[in-house]
Amino acid sequence: MRALRLEMLADTPLAFLETIAAAAARPHEAYRQRIAHAARGSQLAQFVADPGGRSRLVGHAGGTVLPEDPDETVIFAVYVTPASRGGKVLAELVEAVAAWSRDCGRERLMLEVVTGNDRAVRAYEKLGFEDTGERVPHPVHPVLTELRMRRRI
């Protein structure tokens, strides 16, 4: 997971809230603890795409709940390695988050995409997400804007 996280941050740094330096500085044990924490409960979950037979993970998506909207799962930290893009990995990751969300009693998904990342917007639209028209400042780079997309499960 650590190797995948570092790849995510190197490949698309604007899509994530953490810097590659901060992620690289975290010890392996911190990754292990985060994964163990996200493997149980209804407030946080992480899913990875493991193609099997290889030592590398090829994708990640997380789900969480914000206190101000306990009926909605926020999808975060979505990443698919370049070699696996355009296939079914993204759909499988999103559907894993959706299934977890449904099991927790939530029927709505929300995610945010940096405005101008049309490829990501099109990919999410194919998975049933719709642009809500809401625009919010990027949480780390406020000069950027993110658009919100939602779908029902």
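Everything below is about the structure shown above.
These lines cover the structure that appears in this document, whether it is placed above or below.

How each quantity is defined
- Chains are numbered independently. Their residues run from 1 in the order of the written sequence.
- Reporting of local features is limited, given that this is a predicted model, to residues whose pLDDT is at least 70; pairs of side-chain atoms are given and counted only at 80 or more, and all residues count toward the totals for whole chains, interfaces and linings.
- Computation of side-chain values covers all heavy atoms of the structure but excludes hydrogens and water.
- Runs of E in the DSSP output that reach at least two residues are strands. Runs of H or I that reach at least four are helices, and both are numbered from the N terminus.
- Radius of gyration means the value over C-alpha atoms here, while the globule rule gives 2.2 Å times the residue count to the 0.38 power.
- Residue exposure (1.4 Å probe, protein chains only): buried if accessible area is under 20% of the type maximum, exposed if over 50%, otherwise partly exposed.
- Every residue pair with non-hydrogen atoms within 4.5 Å of one another is taken to be in contact.
- Residue burial considers only the protein chains on display, and all accessible areas are found by Shrake-Rupley using a 1.4 Å probe.
- Under the convention used here, Asp and Glu are negative, Lys and Arg are positive, and both His and the chain ends fall outside the count.
- Lysine's charge is taken at NZ, arginine's at CZ, aspartate's at CG and glutamate's at CD.
- Think of it this way: a Phe, Tyr or Trp ring, Trp meaning its six-membered ring, pairs with another when their centres are within 6.5 Å, and the plane angle makes it stacked under 30 degrees, edge-to-face over 60, tilted otherwise.
- We count a charge as sitting over a ring when the NZ of a lysine or the CZ of an arginine lies within 6 Å of the ring centre and within 35 degrees of the ring normal.
- Take the number of residues in a helix, subtract one, and multiply by 1.5 Å to get its expected span.
- In the sections that follow, a salt bridge refers to a side-chain nitrogen of Lys or Arg positioned within 4 Å of a carboxyl oxygen of Asp or Glu.
- Residues grouped as a nonpolar core are buried Ala, Val, Leu, Ile, Met, Phe, Trp, Tyr and Cys residues, joined through side-chain atoms within 4.5 Å.
- Polar contacts here mean pairs of N or O atoms no more than 3.5 Å apart (in protein, one a potential hydrogen donor and the other a potential acceptor; neighbouring residues in sequence count only if both atoms are side-chain atoms).

### Focus on the overall build of the protein chain
- Counting its secondary structure elements, the protein chain contains 5 helices and 6 strands.
- For the protein chain, the N- to C-terminal ordering of α and β elements is α-α-α-β-β-β-α-β-α-β-β.
- Since a compact globule built from 153 residues should have a radius of gyration of about 15 Å, the 15 Å found for the protein chain is in line with a globular shape.
- Referenced to the eigenvectors of the C-alpha coordinate spread, the extents of the protein chain come out at roughly 40 × 35 × 30 Å.
- Taken across its 153 residues, the protein chain has 38% of its residues classed as buried.
- By sequence separation, contacts in the protein chain at least 24 residues apart represent 54% of the contacts at least 6 residues apart.
- Counting only carbon and sulfur atoms, one obtains 55% of the accessible surface of the protein chain, whose full area is about 8500 Å².
- For the protein chain, the distance from the average site of its 21 positive side-chain charges to the average site of its 20 negative ones is 5 Å.

### Quick look at the packing of aromatic side chains
- Overall, the coordinates contain 1 aromatic pair when judged by the stated rule.
- Ring centres of Y124 and F129 lie 5.8 Å apart, and the angle between their planes is 70 degrees; on these two criteria the pair is classed as edge-to-face. Of the two residues examined, Y124 and F129, each falls in the buried class.
- A cation over an aromatic ring shows up here: R106 above the ring of W100, its NZ or CZ 4.8 Å from the ring centre.

### What about helix α4 (residues 89–103)?
- The terminal C-alpha atoms of α4 lie 21 Å apart, and with 15 residues this matches the ideal 21 Å at 1.5 Å per residue to within 8%.
- Those residues of α4 that fall on the buried side of the exposure criterion are V89, L90, L93, V94, V97, A98, W100 and S101.
- Contacts made by the buried residues of α4 are with β1 (44–49), β2 (59–66), β3 (69–80), β4 (108–114), α5 (118–126) and β6 (145–152).
- With its phi angle positive at about 90 degrees, G105 sits one or two positions after the end of α4.

### Describing the pattern of salt bridges
- One pass over the full model with this rule turns up 14 salt bridges.
- One salt bridge connects E134 with R148, and the closest N-O pair in it is separated by 3.1 Å. Of this pair, E134 sits in strand β5 (residues 130–137) while R148 sits in strand β6, placing them 14 residues apart in sequence.
- A relative accessible area of 29% means that E134 is categorised as partly exposed.

### Details of the nonpolar core
- Within the largest apolar cluster, 24 residues are counted, with the highest numbers of intra-cluster contacts made by I75, V113, Y124, F129 and M149.
- Counting residues per element, the ones that place at least two in this core are β1, β3, α4, β4, α5 and β6.
- Considering each element in turn, this core owes the most residues, 7 residues, to α4.
- Here F129 is in contact with I75, V94, L109, L111, Y124, M149, R150 and R151, once residues within four sequence places are set aside.
- Core analysis: the second largest hydrophobic core is formed by 10 residues, L4, M8, Y31 and L57 among them.

### Thoughts on the side chain of H60
- Inspection of the secondary structure puts H60 in strand β2.
- Overall, the relative accessible area of 1% leaves H60 in the buried class.
- At 3.3 Å, the side chain of H60 forms a polar contact with the side chain of Q46.
- Side-chain polar atoms of H60 contact the backbone oxygen of A77, separated by 2.7 Å.
- Beyond its immediate sequence surroundings of up to four residues, H60 is in contact with M1, L4, M8, Q46, F47, V48, F76, A77, V78, Y79 and L93.

It is worth stressing that arrangement in space is one thing and function is another; only the former is reported here.
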